[in-house]
Amino acid sequence: MKQDRTAHKHPTRSAMLRLSLMGQLALLAALPLSAVAQEGKKDVSAGDVKYHAAPSALTDVPMVQSSNPKAPPMTQAEFDVARKIYFERCAGCHGVLRKGATGKPLTPDITLGKGTDYLKVFIAYGSPAGMPNWQTSGEMSEQQVDLMARYIQHDAPTPPEFGMADMKATWKVVIPPEKRPTKKMNKYNIENIFSTTLRDTGEVALIDGDTKQIINIVKTGYAVHISRTSASGRYLFVIGRDAKINMIDLWMEKPDNVAEIRMGLEARSVEASKYKGFEDKLVIAGSYWPPQYVIMKGDTLEPLKIVSTRGNTVDKQEYHPEPRVASIVASHFRPEFIVNVKETGKTLMVDYSDLNALKTTEIGTARFLHDGGWDSSKRYFMVAANQSNKIAVVDAKEDKLVKLVDVSKIPHPGRGANFVHPKFGPVWSTGHLGDEAISLVATDPIKHKQYAFKEVAQIKGQGGGALFIKTHPKSNHLYSDTPLNPDAAISQSVAVFDINALDKGYKVLPIAEWAGLKDDGAKRVVQPEYNKAGDEVWFSVWSAKDKESAIVVVDDKTLKLKAVIKDPRLITPTGKFNVYNTQHDVY
């Protein structure tokens, strides 16, 4: 029910004067804005700010709202505007319910005591602990800052839950299994198809890796976060930030959507069962809101089992109301899904062999789990606890934590990159959002036991703001992007290392320049992805929806430009997932 908030009163001036740090805030306010902005941002990575400030899919979802009589007045129109700003800019760090995620809690029991004046300065100028300087950076106006300072003193609006009935209302089998092809009906080399996210149009482009032609544009959920394949490689599963899953049949004459479902209101991860005897049988997806995972039938996406992830944190053992599901992978050693829960810091080994007697092994790892990938043996899952600056090494054969490895600032590996180091043997590597470091973690406990599961080396990339790092078993090169770096020269290029001569540093490839785009788009270069053969590397050149984008293909042997894919339909291309490499976890 909508309520008018104009009757609420401001906190008294005397109460605000009693607040701690007010003298410091007055001093801050007296400084030039540029100086304060610099001070406020001194320990904050621009890449981290951009990454966590990405819009939430909950922006326009109807929510239960309640007024707080102690909070400063807001009209319903002001509240609606502020809620939209919050979910576009703030929810990624502070959480849907404002109870804290990677950022601090912003609940009324805290914010009312601070008062509007304090909160305005804090929002405007930021803090060394990680709060962006929203006003002095130009991201928010003075009026918006005032609006947000009042908004976060009110009770947080609560999104609805999303249960089995809600899911089944969205579930649609476009082509039933019995009406699908019984054999491959096209001439495409489907193992070399690239599923390419068209972020802002809610689509994926299926691109033929051999001919570089678009096979089909498939309508999906908003901003597809990841594409995964079934164990057989026949089906492609994509999930949008709005928690919509599409199932694409690559055997069709023209590969297209055959089933879909929405399994929540905001999500990031989907995976298919891979263990022997369960190939193509089940699919799992995890959501940010509600905090839960769902197991579905592998041929229709019919929802079968919903499990909440709400619970206590691994460190302080405090209850957390919205621990979001981050990365999910399928074990090669057991009939298990490995589900990583962000805010509580738990890795769940979910045994799917009997859904009616579901067994879960809970492994305490580290808070703020995010993305990760297998080591080269596919036994050890290497998952980044990004705000904890650690890599958790989980043994999928023994179902236990091997070690927490300290790395640099805010690791973001994507799936990471595996290669053999001349001294340390097999290593898995990650880049970082917070700085230029690329960490190498040794992964061989047999022949290189003295180095195993330690950060054995750091090499320096171009800068912070890295999202993906990649190599291939047939390649001698290691590629690192930096699309969220504030320096355009860095965000529009990639660093490439010779694996056999890491000490010689990197070579810069001017990917955006090679794309030949003529407008003033951002041209961020994101996510290196190899073709099946391992002799080409594809890069997205990502600009805004109203600007031109492209995909650049590089010859891995020569590091020279091989092809540029341009098409008016390639709008905001970001992640690209080669079918074969995704199916077999090749990275």
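The protein carries the name Nitrite reductase in an unreviewed UniProt entry, which gives Roseateles oligotrophus as its organism. Per UniProt, the protein has the following entry under Subunit (unreviewed entry): "Homodimer." Looking at the Subcellular location (unreviewed entry) heading of the UniProt record, one finds this comment for the protein: "Periplasm".

Next up on the list: the overall build of the protein. For the protein, the helix and strand inventory stands at 13 helices and 35 strands. Buried positions account for 60% of the 587 residues belonging to the protein. Partitioning the intrachain contacts of the protein with sequence separation of at least 6 by distance along the chain shows that 56% fall at a separation of at least 24. When the accessible area of the protein is evaluated, it comes to approximately 22,900 Å², of which 52% is carbon and sulfur surface.

Core analysis: the biggest nonpolar cluster contains 54 residues, and Ile123, Met148, Ile245, Met263 and Leu301 have the highest contact counts within it. If you tally residues by element for this core, the top one is helix α8 (residues 116-125), at 6 residues. If near-sequence neighbours (up to four positions away) are discounted, methionine 148 is found in contact with Ala82, Ile85, Tyr86, Cys90, Ile123 and Met140. Counting residues in each nonpolar core, the second largest holds 17 residues, with Val496, Tyr530, Val541 and Val554 among its members.

Below, the discussion takes up unusual backbone geometry. Tryptophan 289 connects to proline 290 through a cis peptide bond whose omega is -10°. Relative to the helices and strands, proline 290 is located in the loop between β10 (282-289) and β11 (292-297). In this structure, asparagine 389 is a non-glycine residue whose phi angle is positive, near 60°. Structurally, asparagine 389 is set in the loop between β20 (380-385) and β21 (390-395). Of note, glutamine 527 is a non-glycine position whose phi angle comes to about 55°, a positive value. Summarising the element assignment, glutamine 527 is placed in strand β31 (residues 524-530).

Once that is clear, we can look at the packing of aromatic side chains. Scanning the entire structure with this criterion turns up 13 aromatic pairs. The interplanar angle of 55° and the centroid separation of 5.1 Å between the aromatic rings of phenylalanine 79 and tyrosine 151 together place this pair among those described as tilted. Placement of phenylalanine 79 in helix α5 (residues 76-89) and of tyrosine 151 in helix α9 (residues 142-151) is noted, with a sequence separation of 72 residues between them. Look at tyrosine 151 and you get buried, because its relative accessible area is 1%. Among the aromatic residues, ring-to-ring pairing joins Phe79, Tyr86, Phe87 and Tyr151 into one connected group. Over the aromatic face of tyrosine 118 sits the side chain of lysine 114, whose NZ or CZ is 5.2 Å from the ring centroid. The ring of tyrosine 580 is capped by lysine 532, whose NZ or CZ atom sits 5.0 Å from the centre of that ring.

With that settled, the discussion passes to the environment of glycine 345. Structurally, the position occupied by glycine 345 is in the loop between β16 (336-341) and β17 (346-351). On a C-alpha basis, the gap between glycine 345 and arginine 367 in space is 3.6 Å, while along the polypeptide they are 22 residues apart. Not counting the four nearest positions on each side in its chain, glycine 345 is found in contact with Val314, Ile363, Gly364, Thr365, Ala366, Arg367 and Leu369.

Attention shifts here to the side chain of glutamine 462. Tracing the backbone shows glutamine 462 in the loop between β26 (455-460) and β27 (469-470). The exposure class assigned to glutamine 462 is buried, which follows from its relative accessible area of 18%. For glutamine 462, the side chain forms a polar contact with the side chain of serine 493, separated by 3.1 Å. The contact partners of glutamine 462, leaving out residues within four places of it in the chain, are Glu436, Thr482, Ile490, Ser493, Val494, Ala495, Tyr506 and Val508.

Another aspect to go through is the pairing of strand β25 (residues 437-442). Every regular strand shows the same layout, with side chains that alternate between the two sheet faces. A large share of β25 lies buried, amounting to 6 of its 6 residues. Because side chains alternate across β25, one face comprises the buried residues Ala437, Ser439 and Val441, and the other comprises Ile438, Leu440 and Ala442, equally buried. In this structure, the hairpin formed by strand β24 (residues 425-430) and β25 is closed by a connection of 6 residues. Pairing geometry for β25 and β26, over 5 bridges, is antiparallel. Bridge assignment links alanine 437 to a residue of β26, and that residue is lysine 460.

So, on to the sheet that holds β27. The sheet built from 4 strands is open, its strands ordered β27-β28-β29-β30 with antiparallel pairing. Of all strands in the sheet, those bounded by a partner on one side alone are β27 and β30 (506-509). Bridging between β27 and strand β28 (residues 477-481) involves 2 bridges; their strand directions are antiparallel. Bridge pairing in β28 places lysine 470 opposite tyrosine 479.

For threonine 347, the position within the fold is in strand β17. For threonine 347, the side chain forms a polar contact with the side chain of asparagine 340, separated by 2.9 Å. Excluding residues within four positions of it along the chain, threonine 347 makes contact with Ile338, Val339, Asn340, Thr361, Glu362, Ile363, Thr365, Leu369 and Val394.

All right, on to the sheet that holds strand β6 (residues 235-239) then. Strand order across the open sheet formed by 5 strands is β1-β8-β7-β6-β5, with antiparallel pairing between neighbours. Whereas interior strands pair on both sides, the edge strands pair on one side only; in this sheet they are β1 (172-173) and β5 (226-229). Two strands pair when backbone bridges link them, and β5 and β6 are joined in this way by 4 bridges, in the antiparallel orientation. The partner of serine 227 across the bridge, within β6, is valine 238.

The rules behind the values
- Residues numbered from 1 in each chain as written.
- Predicted model: local features only at pLDDT ≥ 70, side-chain atom pairs only at ≥ 80, totals over all residues.
- Heavy atoms only, no water.
- UniProt positions renumbered as here; feature names shortened; annotations may be inferred.
- Helix = DSSP H or I, 4+ residues; strand = E, 2+ residues; numbered from the N terminus.
- Buried < 20%, exposed > 50% of the residue type's maximum accessible area, 1.4 Å probe, protein only.
- Contact = heavy atoms within 4.5 Å.
- Areas by Shrake-Rupley, 256 points an atom, 1.4 Å probe, with all protein chains shown as cover.
- Core = buried A, V, L, I, M, F, W, Y, C linked by side-chain atoms within 4.5 Å.
- Phe/Tyr/Trp six-rings, centres within 6.5 Å; stacked < 30°, edge-to-face > 60°.
- Lys NZ or Arg CZ within 6 Å of the ring centre and 35° of its normal.
- Polar contact = N/O pair within 3.5 Å; in protein donor to acceptor, adjacent residues only side chain to side chain.
- Pairing = 2+ DSSP bridges.

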